[in-house]
Amino acid sequence: MDRSNPYESAFEGYLQKQNLCYVAVDEGRRSMLGDTPVKNLDFIVLGANGRRLLVDVKGRRFPGGTPDKPKYTWENWATSEDLDGFRAWTEVFGPNYLAMFVFIYRIGPNVELPTPCVDLWTFREQTYLLRCVAFEDYLIHMKTRSPKWGTVHLPSAVYRDLARPFRYFSHVLKNSEEHVDGSNFDRIVPEFARFAVAQGGEPADSLAGSGF
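Residues numbered from 1 in each chain as written. Predicted model: local features only at pLDDT ≥ 70, side-chain atom pairs only at ≥ 80, totals over all residues. Heavy atoms only, no water.

(A) Looking closely at the overall build of the protein chain. A tally of regular secondary structure across the protein chain gives seven helices and 13 strands. Taking all 212 residues of the protein chain together, the buried fraction comes to 49%. Put simply, of all contacts in the protein chain between residues at least 6 apart along the chain, 64% involve residues at least 24 apart. Surface accessibility of the protein chain: about 11000 Å² in total, with carbon and sulfur atoms responsible for 49%. (Helix = DSSP H or I, 4+ residues; strand = E, 2+ residues; numbered from the N terminus. Buried < 20%, exposed > 50% of the residue type's maximum accessible area, 1.4 Å probe, protein only. Contact = heavy atoms within 4.5 Å. Areas by Shrake-Rupley, 256 points an atom, 1.4 Å probe, with all protein chains shown as cover.)

If you want it as structure tokens, here you go:
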């Protein structure tokens, strides 16, 4: 974790607010697996449901782009270094740990989201939205985004289907349920959260079709 990174600090604040046990991994030194350097994780989290979570935080803005040309897309790209590092860590920690990308979006001042909206989080006077994809699912569905920059992403429709609030992984998902799919999700999400989660953080009508 890099505490100078506002997104990672906001996520740590969220974990503290939820009273979750976690380890923030120091990014000051690159980890070594044998003789091979690997990208560090950001957090190791013990969920309220007992799930052991390996977290790589990805900070994004919504909307993106420029003030003159805002881009209403829920960016979810990652790098080949991210993928290689996560593959290595999942092998080290084993099947009892669930690896995930946490995409934490800094929400612009003029964006209206549905109410209630699960994992909409205000930290240091800034609003963030937390959405997550299990690493295994990301690997299955990812597409090349930029060969030049070595980046991949999930197409908008796929991301909309796979992305879940962080609370789904930390509070709802049971240890016995290894796969994050629609059938499991509909079956075990508490009724009070069903509407908000189904929205997936989708913006108000003025932003309809933005892809999340």
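(B) Region of interest: the sheet that holds strand β9 (residues 97-107). Pairing in this open sheet of six strands is mixed, and the strands run β1-β4-β5-β9-β11-β10 from one edge to the other. Here the strands that pair on one side only, and so sit at the sheet edges, are β1 (21-24) and β10 (120-123). Within the sheet, the average angular offset between the axes of one strand and its neighbour, ignoring direction, is 35°. (Pairing = 2+ DSSP bridges. Axes fitted to C-alpha atoms, helices over the stretch in contact; angles between N-to-C directions.)

(C) Looking closely at the packing of aromatic side chains. The final tally for this structure, using the stated rule, is 21 aromatic pairs. Judged by centre distance (5.1 Å) and plane angle (65°), the ring pair of Phe 11 and Phe 43 falls under edge-to-face. Highlighted residues: Phe 11 in helix α1 (residues 6-17) and Phe 43 in strand β4 (residues 43-46), separated in sequence by 32 residues. Neither Phe 11 nor Phe 43 differs from the other in exposure class; each is buried. A ring pair is formed by Phe 62 and Trp 74, whose centres lie 3.7 Å apart and whose planes are at 5°; its orientation type is stacked. Note that Phe 62 is positioned in strand β5 (residues 52-62) and Trp 74 in the loop between β7 (70-71) and β8 (78-79), a separation of twelve residues in sequence. (Phe/Tyr/Trp six-rings, centres within 6.5 Å; stacked < 30°, edge-to-face > 60°.)

(D) Geometry of the sheet that holds β8. Strand order across the open sheet formed by three strands is β8-β13-β12, with antiparallel pairing between neighbours. A single partner strand is all that each edge strand has here, and the edge strands are β8 and β12 (143-146). Here β12 pairs with strand β13 (residues 151-153) via three bridges, running antiparallel. Residue pairing across strands places Ser 146 opposite Thr 151, the latter belonging to β13.

(E) Inspection of unusual backbone geometry at higher detail. The peptide bond linking Phe 62 to Pro 63 adopts the cis configuration, its omega dihedral lying at 0°. Relative to the helices and strands, Pro 63 is located in the loop between β5 and β6 (64-65). Of note, the phi angle at Asn 19 is positive, near 55°, even though the residue is not glycine. Within the fold, Asn 19 resides in the loop between α1 and β1. Despite not being glycine, Glu 125 has its phi angle at roughly 65°, a positive value. Here Glu 125 is to be found in the loop between β10 and β11 (126-134). Taking the relative accessible area as the measure of exposure, Glu 125 reaches 82% and is therefore exposed.

Function cannot be inferred from these measures alone, as they are strictly geometric.
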